[in-house]
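Observations on the three-dimensional arrangement
In case you want the letters, here they are:
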Amino acid sequence: MRITNNMMINNTSMNINNNKINFMFTNTQMSSQKKISRPSDDPVIAIRSLRLRSSLSQINQYCKKNIPDAWTWLETTETALTNMNKILTDVKTQCNTGTNSYLTPEDRDTILKSLTALQKQLYSEGNSDNTGRNIFTGYKTNSQLAFMEDEKETSYEITQKFTYKDINEYTYYSGNIDMPKTVTEVQNTANIGDIAKDSHERIRLAYDKIEDMESFSYKTDAGTVTFTKNNAGGYDAVDENGNPVANAPNVTVYDSEEDWEDALNRKTIGDNDIIIVKNTGDVVLGKELSNGLKTNKASFEINYKKTGFEKGELRPEYYYNCTDVTASNPKPIVYTKYREDGSKVYEDINYTIAVNQTLKVNMHADELFDMNIYQDVTELIDAVQNAIDAHEKVDKLKEMKNEAQYVDCQEEIQQWIDAAQKEADYADHRLTELYSAGIGKFDKYMDTLNRAITEVGARGEQLTMTETRIGNQQLTVEDLKSTNEDEEISNIIINYTAAYNAYQASLMAASKIEKQTLLDYI
């Protein structure tokens, strides 16, 4: 084969160019310290790099965003629950203090102020938020758990369900002493009211000051009895087929306990009757009816309407099936908390904290804050206030007895004092009952919160372990990515030097070849 000069020159130029490319490649490596600068340099490295970068991006999302957000949510929840638990502990402390029968007026006043302050703070912790998102309201993170101010026009139609276990005994007191202000009134002892007490079985609604009772039903093995309002303002009883029920309980609705007492001269109830007191939210059952419902393990469904909510009261949509029928709304808003089969609708907020691993970060209000807490504290406050008022009557009457204008009616004023003392004793007795019952009730409420705090702690432990694992995985992937993409500077220097020397050598060889021609050999 004949080798021409052009062939040698072309081959030399190609070698020089190849060495120049290799030199330029190592020069680029020197600047970037990366093995390749474009996929065509090494497709295998490029493909692995894409996979590792995708994995690392996903892991960084977990480490830098999802896990820290989950931690913030859990920490906010734990803080709110801890504060709520402390409030309930303080209420229980007041109950323990209140069981002391030697309380002074100052002690009662202190307890009243403490309970009032605690009630205002009671559910405010439920409005805790995490970066503007409320943590106990499910998917409705832009809505508060409790009313933040008095809303007189807000109106809801609420459906509440109960069981026979929700029937409890409660003592009702009738009569009170109207303080006499003149000698004539003192002498008219016929106006001294008789103080009496009666114990009845009741179901207490979640809210007091209800506007109307739409319907009331109870279900036993014998069937369902439903009381619906008729045009005359009374209630008709029908069975599940819509047929009238014979010998059904008589339902009577009173606006307040005072109206009940005025109507019957005492807070009494027939053995097979039902009395509804709208102001207190009590559904009072006759003794015979109550015993029968308990024996047959009855369940209840009560539909009522409430207009006007006070600051601190819980919003019903987080606890019951209800409809917001506020007049100012363009149309009613329906909230479903329970399905027709009785199963609860859960609104869980889950964070993806690792591949195929999620963590529930929220807790539902009805799992933590019992609606009865507010009513229990309200009853305590009312009972303390009644006791304070009753003892003030006794003190004022005793002061009147020592006044000169009443010197001729000491016997009559003593009768007033005795009656007022009876009222005070009854008030103290009711307060003691509520305090004693409150100790057990608030212990249960605190147990619920403590379990919730424990659950939050367990989720935190799970998050800690995942965070550790993901952190280690992040380091591993970063190391693999670095191994795949990065080149050691020492290797780059060696390769760079070799490429440089090869390039220079090729240039030197080319200069010698170009000098050789046919004339050199003639």
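Structural data are supplied above this passage.
This section reports on the structure supplied with the text. Not measured: the values here are computed from a predicted model. (Residues numbered from 1 in each chain as written. Predicted model: local features only at pLDDT ≥ 70, side-chain atom pairs only at ≥ 80, totals over all residues. Heavy atoms only, no water.)

**Some thoughts on the overall build of the protein chain**
Stated formally: The secondary structure listing takes helices from DSSP runs of H or I that are at least 4 residues long and strands from runs of E that are at least 2 residues long, numbered from the N terminus. The reference for a compact globule is 2.2 Å times residues^0.38; the radius of gyration itself is calculated from the C-alpha atoms. By definition in these notes, contact holds between two residues if any of their heavy atoms fall within 4.5 Å. Using a 1.4 Å probe, the Shrake-Rupley method yields the accessible areas, and only the shown protein chains count as cover for residues. Only four residue types enter the tally: Lys and Arg on the positive side, Asp and Glu on the negative side; His and the chain ends are excluded. In this description, the location of a charge corresponds to atom NZ of lysine, CZ of arginine, CG of aspartate or CD of glutamate.
Broken down by element type, the protein chain carries nine helices and 16 strands. Computed over C-alpha atoms, the radius of gyration of the protein chain comes to 41 Å, more than 25% over the 24 Å expected from 2.2 N^0.38 for 522 residues, which places it beyond the range of a compact globule. Overall, the protein chain is about 165 × 65 × 40 Å in size when its C-alpha atoms are taken along their principal axes. A fraction of 73% describes how many contacts in the protein chain between residues 6 or more apart in sequence connect residues 24 or more apart. Counting only carbon and sulfur atoms, one obtains 48% of the accessible surface of the protein chain, whose full area is about 28,200 Å². Both charge centroids of the protein chain, one from 56 positive and one from 82 negative side chains, sit 11 Å from each other.

**Quick notes on the packing of aromatic side chains**
Put simply, the rule reads: Two aromatic rings, drawn from Phe, Tyr or Trp (for Trp, its six-membered ring), form a pair once their centres lie within 6.5 Å of each other, and the interplanar angle then sorts them: stacked below 30 degrees, edge-to-face above 60, tilted otherwise. Think of it in three bands: residues with accessible area under 20% of the maximum for their type are buried, residues over 50% are exposed, and the middle band is partly exposed, with areas taken using a 1.4 Å probe on protein chains only.
Per the stated rule, a full pass over the model turns up 14 aromatic pairs. Plain terms: the ring middles of Y170 and Y172 are 5.0 Å apart, the flat faces sit at 75° to each other, and that makes the pair edge-to-face. Given a relative accessible area of 0%, Y172 falls into the buried group. Measuring from centroid to centroid gives 5.9 Å for F216 and F227, while their planes differ by 40°, and the two rings are tilted. Note that F216 is positioned in strand β6 (residues 212–220) and F227 in strand β7 (residues 223–229), a separation of eleven residues in sequence. Judged by relative accessible area, which is 2%, F216 ranks as buried.

**Details of the packing of helix α2 (residues 43–98) against helix α3 (residues 105–122)**
Applicable threshold: Helix axes use the C-alpha atoms of the stretch in contact, all axes being lines fitted to C-alpha atoms, and the angles between their N-to-C directions lie in the range 0 to 180 degrees. Any angle from 65 to 115 degrees is called roughly perpendicular, while one under 35 is roughly parallel, one over 145 is roughly antiparallel, and all others are oblique. Helix crossings are classified by the rotation of the near helix relative to the far one: an anticlockwise turn of less than a right angle makes the crossing left-handed, while a clockwise turn makes it right-handed.
Packing of α2 against α3 leaves a shortest axis separation of 10 Å and a crossing angle of 160°. In terms of axis orientation, α2 runs roughly antiparallel to α3. Regarding α2 and α3, the two cross each other, and that crossing is left-handed. Contact with α2, carried on its side by M84, I87, L88, D90, V91, Q94, T97 and G98, involves I111, S114, L115, L118, Q121 and L122 of α3 and no other residues of that element.

**Quick look at α2**
Filter applied, for reference: Every helix has an expected span of 1.5 Å times one less than the residues it contains. Note that bend, as reported per residue, equals the angle between axes fitted to the 7 residues terminating at that residue and the 7 residues originating from it.
Taking 1.5 Å of rise per residue, the 56 residues of α2 would be expected to cover 82 Å, and the 81 Å separating its terminal C-alpha atoms lies within 8% of that figure. At Y62, α2 shows its largest kink, close to 35°.

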